[in-house]
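# Examining the three-dimensional arrangement
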Amino acid sequence: MVPAIHRPAQVVVDLGAIKHNVTAEMQHLPQGTQMWAVVKANGYGHGAVQVAKTALAAGATGLCVAVLDEAIQLRNADITVPILVLGIAPAKEAALASSFDISLTAGSLAWLQAADQVLHAAGKQLKIHLGIDSGMGRIGFSEDEEFVAANHLLEDNKHFFVEGMFTHFSTADSSDDVYFNYQVKRFKHMQNLLTIKPKYIHLDNTAASIFGKDVKTDLVRFGIGIYGLNPSANPASPSLPAEIDLKPALSLVSELSFVKQIHPGYGVGYGATYQADSDQWIGTVPVGYADGWQRSLQGFKVKIGDTYCPIVGRICMDQFMVRLPKEMPVGTKVELISADPTAPNNIKAVADKVGTIHYEITCLLSDRLPRVYHA
Ligand SMILES: *Cc1c(COP(=O)(O)O)cnc(C)c1O
């Protein structure tokens with residue numbers, strides 16, 4: 001989608017908050033532990049390049065993304081620090097990744113064998129991180145025999161430089177540590193099978209790092225915390241308190257594009273699900289589900305001027321309607337998502353209303369919304 005720069009609707013990103021969060025985490029980390037900033041999915045919707053540059057200026061020393069194209073985008077923005085692709089890139093792209101000095105995740109013997117051939121044909125060496133499935137059930141080595149065979153393939157193999165070995169926790173945001181500890185144990189078991197020595201061992205995501213479960217290793221993969229969001233803000237469970245001060249960076253703003261008075265019996269939106277029972281002022285906001293402002297937000301209150309006004313009728317693809325307390329001028333500021341965690345329209349409130357986690361809300365804000373940055 002084309003960014004709609006001639007429409008009054010923007011994702012506003014406070015780079016000062018990003019810097020604050022990275023600095024707070026750097027101070028929290030044990031001496032010598034690196035932070036690699038996770039900027040996959042366009043920096044969780046905040047803008048990958050801007051977030052990456054801000055995080056690096058504040059002390060991060062590497063970057064993580066989900067797919068190879070995201071890594072190439074960062075290289076094309078003149079970023080030279082290590083970049084790790086956390087997902088499984090096709091083995092046939094091994095030479096391409098190498099040519100950009102991008103590190104890939106190796107999660108199976110078959111992948112290593114296929115990449116080995118590609119690198120041999122291209123005469124290149126690739127940096128890899130061995131991905132261990134210690135209980136997430138997603139990607140990576142989980143069987144001893146296969147991992148020992150991979151270790152054997154990597155001994156004295158000039159096509160690979162083993163830059164890392166890592167795993168990913170599935171329950172680090174939970175107050176119950178039983179499964180977390182099981183994953184740590186599985187990882188250590190796999191680590192003991194190796195004769196080669198990866199440069200960096202890494203396990204922690206934001207949750208492990210800021211909820212006091214951190215496994216002391218060489219680096220943390222810090223994602224949601226960069227954006228100032230508490231990883232345990234899950235509608236199904238109460239939030240665990242973060243050990244660092246998190247400052248949300250993102251807000252979503254627009255303006256009233258149309259204002260009118262309606263009379264009793266008049267409907268609003270598709271299906272006429274809302275019907276006025278009195279004379280009422282209705283405002284229209286030019287943002288809809290194509291921007292990532294989901295239909296399930298019907299009834300949520302957004303801030304218009306100084307008042308919180310309910311969304312009435314179904315949210316359309318490109319617009320939604322609100323009930324105003326009185327006549328208000330076209331152009332009145334609308335704040336859909338507030339960066340203030342105590343505001344009623346904070347990102348967690350939005351996620352709770354949708355019945356999801358805030359990660360999903362920010363990632364789904366579409367390209368049609370321009371990202372605007374301030375320091
Ligand atoms: C996304 C991701 C992270 C970052 O997780 P946060 O909860 O955002 O800190 C770390 N590691 C892996 C493998 C990931 O996929």
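Residues numbered from 1 in each chain as written. Predicted model: local features only at pLDDT ≥ 70, side-chain atom pairs only at ≥ 80, totals over all residues. Heavy atoms only, no water.

## Brief notes about the overall build of the chain
The number of helices and strands found in the chain is 11 helices and 19 strands. Across its three principal axes, the chain shows a C-alpha extent of roughly 80 × 45 × 40 Å. In the chain, which comprises 375 residues, the proportion classed as buried is 53%. When the accessible area of the chain is evaluated, it comes to approximately 16200 Å², of which 53% is carbon and sulfur surface. The chain carries 31 positive and 36 negative side-chain charges, and their two centres are separated by 4 Å. (Helix = DSSP H or I, 4+ residues; strand = E, 2+ residues; numbered from the N terminus. Buried < 20%, exposed > 50% of the residue type's maximum accessible area, 1.4 Å probe, protein only. Areas by Shrake-Rupley, 256 points an atom, 1.4 Å probe, with all protein chains shown as cover. Lys, Arg positive; Asp, Glu negative; His and termini not counted. Charge placed at Lys NZ, Arg CZ, Asp CG, Glu CD.)

## With respect to the sheet that holds strand β1 (residues 9–14)
Strand order in this open sheet of 9 strands is β11-β14-β17-β16-β15-β18-β10-β1-β19, and the pairing throughout is mixed. Each edge of the sheet is formed by a strand with only one pairing partner; in this case those strands are β11 (258–262) and β19 (371–374). Mean inter-strand twist for the sheet, computed between neighbouring axes without regard to direction, equals 35 degrees. The pairing of strand β16 (residues 307–312) with strand β17 (residues 320–324) spans 2 bridges and is antiparallel. If you follow Val312 over to β17, its bridge partner there is Met321. (Pairing = 2+ DSSP bridges. Axes fitted to C-alpha atoms, helices over the stretch in contact; angles between N-to-C directions.)

## Describing helix α8 (residues 178–192)
Relative to the 21 Å expected for 15 residues at 1.5 Å per residue, α8 spans 21 Å between its end C-alpha atoms, a close match to the ideal helical length. Burial in α8 covers these residues: Phe180, Gln183, Val184, Phe187 and Met190. Angularly, the buried residues of α8 cover 125 degrees about the axis, an arc narrow enough to put them on a single face. Opposite the buried face of α8, by more than 90 degrees, sit the exposed residues Val178, Lys185 and Asn192. Elements in contact with the buried residues of α8: β6 (126–132), α7 (144–154), β7 (160–167), β8 (200–202) and α9 (206–210). (Expected span 1.5 Å × (residues − 1). Arc of directions from axis to C-beta. Contact = heavy atoms within 4.5 Å.)

## Remarks on the site of the ligand
All residues in the neighbourhood of the ligand are listed as Val38, Lys40, Tyr44, Leu86, Arg138, His168, Asn205, Thr206, Arg221, Gly223, Ile224 and Tyr359. The separation between a nitrogen atom of the ligand and a polar side-chain atom of His168 is 3.3 Å. For the ligand, an oxygen atom lies 3.1 Å from a polar atom in the backbone of Gly223. In this structure, the ligand is accommodated by the largest pocket. Of the residues assigned to the shell around the ligand, the class counts are 5 nonpolar, 4 polar and 3 charged. (Near = heavy atom within 4 Å. Polar contact = N/O pair within 3.5 Å; in protein donor to acceptor, adjacent residues only side chain to side chain. 1 Å grid on protein atoms, 1.4 Å probe; cavity = no way out; pocket = protein on both sides within 12 Å on 5 of 7 lines; lining within 4 Å. Sits in = over half its atoms within 2 Å of the grid points. Nonpolar A, V, L, I, M, F, W, Y, C, P; charged D, E, K, R; others polar.)

## Some thoughts on the domain arrangement of the chain
Domain assignment breaks the chain into domain 1 (15–227) and domain 2 (250–338). Domain 1 and domain 2 are separated by 43 Å when their C-alpha centres are compared. (Domains from an automatic or database assignment.)

## So, the pattern of salt bridges
For the structure on display, the rule yields 8 salt bridges. Where Lys92 meets Glu93, a salt bridge forms, and the shortest distance between an N and an O atom there is 3.4 Å. Residue Lys213 is joined to Asp177 by a salt bridge in which the shortest nitrogen-to-oxygen separation is 2.7 Å. Taken together, the positions of Lys213 in the loop between α9 and β9 (219–222) and Asp177 in the loop between β7 and α8 put the pair 36 residues apart, joining distant regions of the chain. Salt bridges linked by common partners bring Arg7, Asp291, Asp318 and Arg368 together as one network. (Salt bridge = Lys/Arg side-chain N within 4 Å of Asp/Glu carboxyl O.)

## Details of the pairing of β6
Within β6, 6 of the 7 residues are buried, which leaves the element mostly enclosed by the surrounding structure. Of the pairings in the sheet, the one linking strand β5 (residues 103–106) to β6 comprises 3 bridges and is parallel in character. In the sheet register, Leu104 faces β6, and the bridge partner there is Ile128. The handedness of the β5 to β6 crossover, carried by helix α6 (residues 109–122), is right-handed. Judged from the 7 bridges that link them, β6 and β7 form a sheet pairing that is parallel. The partner of Lys127 across the bridge, within β7, is Phe161. Handedness of the β-α-β unit built from β6, α7 and β7 comes out right-handed. (Right-handed = clockwise from strand over helix to strand, strands pointing away.)

## Notes on empty space enclosed by the protein
Going through the model one piece at a time under the given rule, you end up with 2 cavities of 30 Å³ or more. The calculated volume of the largest cavity comes to roughly 60 Å³. Its residues assigned to classes, the lining of the largest cavity comprises 4 nonpolar, 4 polar and 3 charged. Of the pockets and cavities examined, the second largest cavity occupies roughly 40 Å³. As for the second largest cavity, its lining consists of His46, Tyr227, Leu229, Pro248, Ala249, Leu250, Ile337, Ile347 and Thr362. (Points joined across faces, edges and corners; volume = space filled by probe spheres on them.)

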